[in-house]
Amino acid sequence: MRRSVATKGFFAVLLLALLMPSAAFAQEDALNLGEAVPTVIDELNQTWVIVGAILVFFMQAGFAFLEIGFSRGKNAGAGIAKIFVNFSICMIVWWAVGFGIAFGGDGTIAGDSGFFFQFGREVAGEAASGATAAFFIFQFMFAAVSLAIVWGSTLERIRFIVYPIYAVVFSAIIYPLIAHWGFGGGLFAEIGDGVQDFAGSSVVHLTGATGALAVLLLLGPRRGKFGPDGKPRAIPGHNMPLFGLGVLILWLGWFGFNGASTLETSGNRFAEVVAVTNLGAAAGVITASITIALLSKKLDVGMAGNGAIAGLVAITAPSGYVEFWAAPIIGGVAGILVVLSVLAIDKVVDDPVGALSAHGVAGIWGTLACGLFTSPRLAETVGVGEAGLFYTGSFGQLGAQAGAVAITFLTVFALSLTTFFVIKKTVGLRVDDETEDAGLDISEHGMYGYPEQFIPAPELVGYGATPRTPALGAVSPASTKEEIPA
Amino acid sequence: MRRSVATKGFFAVLLLALLMPSAAFAQEDALNLGEAVPTVIDELNQTWVIVGAILVFFMQAGFAFLEIGFSRGKNAGAGIAKIFVNFSICMIVWWAVGFGIAFGGDGTIAGDSGFFFQFGREVAGEAASGATAAFFIFQFMFAAVSLAIVWGSTLERIRFIVYPIYAVVFSAIIYPLIAHWGFGGGLFAEIGDGVQDFAGSSVVHLTGATGALAVLLLLGPRRGKFGPDGKPRAIPGHNMPLFGLGVLILWLGWFGFNGASTLETSGNRFAEVVAVTNLGAAAGVITASITIALLSKKLDVGMAGNGAIAGLVAITAPSGYVEFWAAPIIGGVAGILVVLSVLAIDKVVDDPVGALSAHGVAGIWGTLACGLFTSPRLAETVGVGEAGLFYTGSFGQLGAQAGAVAITFLTVFALSLTTFFVIKKTVGLRVDDETEDAGLDISEHGMYGYPEQFIPAPELVGYGATPRTPALGAVSPASTKEEIPA
Amino acid sequence: MRRSVATKGFFAVLLLALLMPSAAFAQEDALNLGEAVPTVIDELNQTWVIVGAILVFFMQAGFAFLEIGFSRGKNAGAGIAKIFVNFSICMIVWWAVGFGIAFGGDGTIAGDSGFFFQFGREVAGEAASGATAAFFIFQFMFAAVSLAIVWGSTLERIRFIVYPIYAVVFSAIIYPLIAHWGFGGGLFAEIGDGVQDFAGSSVVHLTGATGALAVLLLLGPRRGKFGPDGKPRAIPGHNMPLFGLGVLILWLGWFGFNGASTLETSGNRFAEVVAVTNLGAAAGVITASITIALLSKKLDVGMAGNGAIAGLVAITAPSGYVEFWAAPIIGGVAGILVVLSVLAIDKVVDDPVGALSAHGVAGIWGTLACGLFTSPRLAETVGVGEAGLFYTGSFGQLGAQAGAVAITFLTVFALSLTTFFVIKKTVGLRVDDETEDAGLDISEHGMYGYPEQFIPAPELVGYGATPRTPALGAVSPASTKEEIPA
Amino acid sequence: MKKIEAYIRHEAFEPIRMELLELGFPSLTISEVKGSGRQKGITERYRGAELTNYLRPKVKLECAVAERDVQTIVDTILKHGRTGAVGDGKVFVIPVDDAYRVRTGESGEEILQAHPDPATA
Amino acid sequence: MKKIEAYIRHEAFEPIRMELLELGFPSLTISEVKGSGRQKGITERYRGAELTNYLRPKVKLECAVAERDVQTIVDTILKHGRTGAVGDGKVFVIPVDDAYRVRTGESGEEILQAHPDPATA
Amino acid sequence: MKKIEAYIRHEAFEPIRMELLELGFPSLTISEVKGSGRQKGITERYRGAELTNYLRPKVKLECAVAERDVQTIVDTILKHGRTGAVGDGKVFVIPVDDAYRVRTGESGEEILQAHPDPATA
Ligand SMILES: Nc1ncnc2c1ncn2[C@@H]1O[C@H](COP(=O)(O)OP(=O)(O)O)[C@@H](O)[C@H]1O
Ligand SMILES: Nc1ncnc2c1ncn2[C@@H]1O[C@H](COP(=O)(O)OP(=O)(O)O)[C@@H](O)[C@H]1O
Ligand SMILES: Nc1ncnc2c1ncn2[C@@H]1O[C@H](COP(=O)(O)OP(=O)(O)O)[C@@H](O)[C@H]1O
């Protein structure tokens, strides 16, 4: 059936080919094994990569629900619109520009081919094949994850118009640059023996968190976050079950995120990566839960979830480089770090989802952890960098890792701050106070995310009552104070 | 381990076979490569098809939550019962009858073997193998998707009893006929060089939407949908986050829906299909969002989500036939169409989820789009039809596509309208007004989907209070007016 | 790219290797087909097993939402914390101890190697390879499922501290013992020709349900569950849509649970298993729906969902052993059994999710069903046990199955009851009445799962109001009656 | 000054509101309440067990008006609220000593409701 | 005629409702309210930050009765509402000028509550 | 004894509560209500169709006090409730005949509110 032509739909051929697989090959006379075997190996690799890409896609739902759970009910619908639009813009821009810059050649700074990527078009001097389509979409999903990370911290007060503008810049330039350096054979391959960041603790997560920091500094806290005494106050998210759904979906997606970053099934390495990832996440939950329970006498649901995310973020870079024993340590440290970091950051900046901590701090820790824990066996298997401090006693790899962290942070921060600064000075970053009080759902999207919670039942038609069309003029929902005296 | 027999559970064998794969084969003396290679190719194909089937299964959850999000809270539980029961009936009927009609032979009108499909039983003259089990379950998932599409538009007013009746007819006859024509080597393979509908814009989506149209015409709008002046009024769905969850799950499932419609991994075509699918969906979100924002000054969350669905539906037929560049165009047009269509249809018919637009209009557009955009390379690869108007300047393929659309619509409409007409005249299609006002949850399922929203807290036991058994008789919840005077 | 070393990141190599797969192999001069083919077969097997493991992982979300949906809103957040913590502890303990006991050797009672499992370390006398990493994580997911089943019945009243204690015992000893007997070549392989439990109706589900029974007997019903007349009263769960989400996710995961229990793709058997699984589940929904509708005149949403679960649990053991025709019978009987069992058990014990029925009763039925329905063809293919009563007329296999059920139940019950008894006598099993009334969210986790439902809007900051820091001291939320007189 | 408190069906509210608006009584407040009359309980079913609910959702309408307007308001409520079936609800009239408009601090009867044409009221 | 308004604990409502029903006072209305007495605030925790909540959920029970029945109702509420701990709530008695039954349009005291055996009332 | 019923904006409540607390009036009850004044409707949009909402969320504050304290309470509400824009709300004063504390069964004016320093009240 390979390359065979169906003239009467799929099924006739299917029966011929699939019911009698050897017969099908017999048709083509003699199966050229020397060609068929490398082909099937390649196809298996691509199958795994596409499964990974699909899992990583689902992380968009994970981010959406983590963030919606941590929002108030009046901003719940906005979280959905945000994910749809950002993901979609990222896709188009990545296709047009981003992929080419990230992977279209092996220059130190950026690629220069593969724009408007497709078949027949060349990438890095080679005609792109189906294999590259899998790579293209897999890497796109990473870009979309990185972009999603930026927005969690800006919940409940950012103007919608900011999303498309920054999404274009981020997907065309900011992320592709870092991806080129870290994954595409660029800058970071030239630091020492290469920087170790298996699936992107730094390339993906730190990049997103740094973008978040840049916008947070210009955006300011939500109204009511800090009391007149300057002390932070809790603004509880409205839905812990949805938050939990988000975390569990992210966790699920991460098996594709890390596991399929092998890009192949060779040696079943991907199975080890999946196991290591789960050990790291589990340890993150446990240490974060213990830490917050010790500090506040309550096992905070959100912190337990943040512990999972932090463990996952931290194990992302090392997942291809470390042995099982190191994973619970790396994840466990991340779980403690994320709690302390959330508590510390909460005093200064209003980060409603803890992205600076879970993706930023844990991302840095995870990247550095390679410099400590990478095993000689795996450094050699992957072929990047050398073993970590605990094996070699040398600070070499740790230094390379620190260098990559610093470069990533500074680059992303500078580019993002500039972009957001321009946005702030032109269209504006933040909704006005009235809109913030009313909620983004009704103000920016025209309807509450949970209409029945906010609109009195008799107004929600369907009781059989059929009131006449209003005689009085209608005003914009944003002007919540404009009423006429009784 | 291939065919080997475990006598002491899995593990002992597993160790022998998997820890030393070559040893395992050595056992069987010499691995017959000429047999092993086609077998592993076949198994890889089936693995991908089963992964696809599992992804398409999850689309049931997608439909459920899209529809629940768009319902009022008093009808939220009913959406769950509906999905369970329809999916289950479809499975049993597909197994008993539907699969045989759709794929049990290559007659022009219908298949005639493979009923109560299983191993040992012949399908189309061949003994069914494991490969066909994958095909059987994959194609079933498509039938179930098509059936799910029918019901979204009937939300909040249809009688539950309608579901099982129509589900049987649809799964046994209506869908299998269309599937036989479009996928099974029947009628549509004989129109021109064959009709191009890679994964079912028409076969699956238009079929479902046509069934929805038939029932809608007989069912009528929800109470309160149209004012005394005949103008449509908004009946907002109660939960935009759940709606968003539904859309994201559908999007996820679509990677299996389109991607695994290659039915094999040959040439890594499936990866291209996945990428093309995502480009179409992304463009649908963007154009739908812009269109509704221009028309109403608000970025409606539901419309952005409908844009995603429309983009996905439209790219479904062309996903195996078009190059990357065409995908954003096809999806983008669908995004505009769906918004205009929802606004237009809303004036006449009450379609609470926009299925007529998102699956019907976009399905037609997607099917026709093949006639415009199919590339010569891919028409040849798939082996169905010829290249589209933009490559050939010929209207040939476009005509074939239009023919298939017309035949599909007319057939499904006639069969469905007849079925629903009979149901209406016998058991009845619609709940009475009181039930509709009270909500389907309490009336048909005995309990609200969100009991705490509707029942006062003191009645929800567990406060330690233990009231005696009621002395007064109980009445049916449907009779909301039957009370005794004070 | 197989084993090749990347010096400049992934992409350069990727292009070389993947764009020209045969070229890549050409590099290594001549591809050793005799080695490459068994390797790719092995890698395909492991890919499928890892896909299965990932699907089974997601069942954690399924359990979480099934249980949250069946809880009252005041206990919704606790369900999330519970899943996070139990799953994580299970992972660490399974890695350290459980896997070794279950699969680290083929002694009759327990394994004795493979603790702190990882590469380089030997398992059962063999150096562990990547293949075993897939097996390790796949089997872990089963342990985590079994543990999750224990807790559903304890909703809304158990102390959080009970989770970690029992989770350690369960993951280290209880489940690993049963898994060793049923899956690891231990005890059950020695009963007759071996006990047939393909994916664990008994090993996983009955084990979990038995743990649930043990804790329920010591824990007692929720306050208000039984009236002063001893009659059970309904305590409706707060969210049927979330319940439905849970069921659909479980159903999804089950395709991995059963399907990947083939542990390989050989002969495409996994596709048959997936199809059989779906037939069983569908039949469970249908019969449970009809049964409850006949008994109570209403199609209870929860019962329809329990029917799905029961069908899935029952088909789990036979899924690899029975032909298609048997699946709807096995699932259908389970659907009837689960409804009758829930109604009967509800009179005596307070099992808010019906786990005793859906996992216990249906698990027993499924295990016994092998003794009735196993086909000769499949008994031989799997290589365990013999055909069932309906083929052979012999009660032999049925007896073996019954023996395994009895041994499983008694072992798990004894060990669990002892553990929970010790917990009850030391830290205590149950929260006090005030905490139960207030809900676990606020009492044990410091915040409601849905804060906006319980806290008046003006207290939820963000209205621009910035009240001063409270002058009055704060009390613990658990003491809901401690107020100062006006 | 009097305050009218009415417990009515949800579907009655919209017609009442619209007629009151036309009559010059736009100012009112509603809330969701649950009421019991001598109605029977409603038996709901959940997983086979029963739950009897004796309280039904109603809308409580509150409206402070000048003494001379009480009858107009009551009549409007009675007119639209009536289905003739048990559960239509009750209307109570309660004395009010004083009234203030928060926006201006004004007090007294004139702040209560704005008649469209005070002369005809 | 009087209207009794009581702010009580959730768990007190059901016994009160049942005794009132037996005494012949089935008609009443409840709503969910949040109350503050001189109680302390409740400190809740969320992601390490604190939120102090000064208002506690209560049930507000409203019940219009004839003057002669007021004491019976109040006594019933007091009897079942009492736990002895702070937060048990308050009962207020408010004058009612007039009462109407929507279903029939009747007015006056006789529409208020239906005693099981009016003779003994 | 009087009962003060105020319909106010959500954001006004917290400052009012805090000042009342300081003045010795910790006891009050609030509920969520929807009110209409002569305000315009708010047009919301959903999937292209429109929905006009004439009712706006308000907080209803209820507080029973001794006659001599009425003005203090009203003034506090007016002070913090005022934004000057339409929709600030209304305050009504309603007579109360009797009051009981559920916890103790005591009745009369002294149960109403606990002044921090009764001498100065
Ligand atoms: N005496 C009362 N006090 C408070 N609320 C009442 C009273 N009588 C009736 N209600 C309210 O009115 C609603 C309908 O009253 P009901 O007596 O059942 O109707 P009808 O007047 O038609 O007999 C009740 O659910 C309750 O909310
Ligand atoms: N004067 C009042 N006005 C309005 N509501 C009150 C008043 N006093 C008490 N309440 C209501 O009663 C509830 C309990 O009152 P509280 O004073 O705390 O109890 P206790 O009477 O036992 O001291 C409060 O939460 C509030 O809802
Ligand atoms: N006469 C009234 N009876 C009951 N509620 C009223 C009355 N007048 C005003 N309200 C309540 O007060 C709120 C604000 O009143 P409104 O008249 O719009 O403000 P303003 O006094 O600034 O003109 C309304 O939404 C309504 O809840």
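Just so we're clear, the structure is a prediction, and the values are computed from it rather than from any experiment. (Residues numbered from 1 in each chain as written. Chains lettered and ligands numbered in written order. Predicted model: local features only at pLDDT ≥ 70, side-chain atom pairs only at ≥ 80, totals over all residues. Heavy atoms only, no water.)

*Asks:* Can you walk me through the overall build of chain A in this structure?
*Replies:* On a plain count of helices and strands, chain A comes out with 18 helices and three strands. Across the 486 residues in chain A, those meeting the buried criterion constitute 72%. Pairs at least 24 residues apart make up 75% of the contacts formed inside chain A by residues separated by at least 6 positions. (Helix = DSSP H or I, 4+ residues; strand = E, 2+ residues; numbered from the N terminus. Buried < 20%, exposed > 50% of the residue type's maximum accessible area, 1.4 Å probe, protein only. Contact = heavy atoms within 4.5 Å.)

*Asks:* How do you make sense of the pattern of salt bridges when you look at a structure like this?
*Replies:* When the charged atoms of two side chains lie near each other, side chains of opposite charge can form a pair. Overall, the coordinates contain 72 salt bridges over all chains when judged by the stated rule. Note that Asp437(A) is salt-bridged to Arg223(A), the shortest N-O span being 2.9 Å. With Asp437(A) in helix H16 (residues 433-438) and Arg223(A) in the loop between helix H7 (201-219) and helix H8 (240-259), this pair connects stretches of sequence that are 214 residues apart. Between Arg72(C) and Glu156(C) there is a salt bridge, with its nearest N and O atoms 2.9 Å apart. One end of the pair, Arg72(C), is in the loop between helix H3 (33-69) and helix H4 (76-103); the other, Glu156(C), is in the loop between helix H5 (130-152) and helix H6 (162-182), and 84 residues separate them in sequence. No difference in accessibility class separates Arg72(C) from Glu156(C), as the two residues are buried. One network of salt bridges, in which partners are shared, links Lys3(D), Glu5(D), Lys60(D), Glu62(D), Lys3(E), Glu5(E), Lys60(E), Glu62(E), Lys3(F), Glu5(F), Lys60(F) and Glu62(F). (Salt bridge = Lys/Arg side-chain N within 4 Å of Asp/Glu carboxyl O.)

*Asks:* What exactly am I supposed to notice about the relation of the copies chain B and chain A here?
*Replies:* Both copies of the chain are tied together by a single rotation about an axis and a shift running along it. Least-squares fitting of chain B to chain A yields an RMSD of 0.0 Å, with the transformation described by 0.0 Å of translation along the axis and a rotation of 120°. Taken together, these values place the two copies in the relation of a three-fold axis. Of all interface residues in chain B, a mere 10% are interface residues in chain A too; the two copies therefore contact each other through different surfaces. (Least-squares fit on C-alpha atoms with pLDDT ≥ 70 in both.)

*Asks:* Before we go on, may I ask you to explain the site of ligand 2 in this structure?
*Replies:* Around ligand 2 lies a shell of 25 residues, among which Gly87(E), Lys90(E), Thr29(F), Ala64(F) and Arg103(F) are the nearest. Of the chains in the model, those with residues near ligand 2 are chains C, E and F. A distance of 3.3 Å is found between an oxygen atom of ligand 2 and a backbone nitrogen or oxygen belonging to Ser36(E). Between ligand 2 and the protein, one listed contact pairs an oxygen atom with a side-chain N or O atom of Arg101(F) at 3.3 Å. (Near = heavy atom within 4 Å. Polar contact = N/O pair within 3.5 Å; in protein donor to acceptor, adjacent residues only side chain to side chain.)

*Asks:* Would you mind going over the interface of chain B and chain A with me for this structure?
*Replies:* A common way to report how large an interface is uses the accessible area buried once the components associate. Between chain B and chain A, the residue contacts involve 92 residues of the former and 85 residues of the latter. Buried surface at the junction of chain B and chain A, summed over both partners, amounts to about 7300 Å²; 72% is from carbon and sulfur atoms. Seen at the junction of chain B and chain A, the total is zero salt bridges. For the side of chain B that touches chain A, the elements supplying multiple residues, two or more each, are helix H3 (33-69), strand S2 (126-127), helix H5 (130-152), helix H8 (240-259), helix H9 (269-296), helix H10 (301-316) and helix H13 (376-382) of chain B. Residues of the side of chain B that touches chain A, tallied by class, amount to 51 nonpolar, 24 polar and 17 charged. (Buried area = accessible area lost by both parts, 1.4 Å probe. Nonpolar A, V, L, I, M, F, W, Y, C, P; charged D, E, K, R; others polar.)

*Asks:* Would you mind showing me how to read the site of ligand 3 here?
*Replies:* Taken together, 25 residues are adjacent to ligand 3, and Thr29(D), Ala64(D), Arg103(D), Gly87(F) and Lys90(F) come closest. Looking at what sits near ligand 3, you find residues from chains A, D and F. In the environment of ligand 3, an oxygen atom lies 3.3 Å from a nitrogen or oxygen atom belonging to the side chain of Arg101(D). Contact distances for ligand 3 include 3.4 Å between a nitrogen atom and a backbone N or O atom of Leu112(D). For ligand 3, the accessible surface in isolation is 550 Å², of which the surrounding protein chains cover 100%. (Areas by Shrake-Rupley, 256 points an atom, 1.4 Å probe, with all protein chains shown as cover.)

*Asks:* I would appreciate a short explanation of the interface of chain C and chain A in the present structure.
*Replies:* On the chain A side, the residues contacting the 85 residues of chain C number 94 residues. With both chains or domains summed, chain C and chain A bury close to 7300 Å², and 72% of this area falls on carbon and sulfur atoms. On inspection of chain C and its partner chain A, the count reaches zero salt bridges. Connecting chain C to chain A are ten residue pairs in polar contact (both at pLDDT 80 or more). Of all the secondary structure elements, the ones that give two or more residues to the side of chain C that touches chain A are helix H1 (10-19), helix H2 (21-27), H3, H4, H5, helix H8 (240-259), helix H17 (440-445) and helix H18 (451-454) of chain C. Across the side of chain C that touches chain A, the residue classes tally to 60 nonpolar, 18 polar and seven charged.

*Asks:* Before we go on, may I ask you to explain the nonpolar core in this structure?
*Replies:* Generally speaking, nonpolar side chains in soluble globular proteins are found buried as a group. Judged by nonpolar contacts, the single largest core of 485 residues is most densely connected at Phe420(A), Phe420(B) and Phe420(C). If we ignore the near neighbours within four places in the chain, the residues touching Phe420(B) are Val150(B), Trp151(B), Val162(B), Tyr166(B), Gly211(B), Ala214(B), Val215(B), Leu218(B) and Leu429(B). (Core = buried A, V, L, I, M, F, W, Y, C linked by side-chain atoms within 4.5 Å.)

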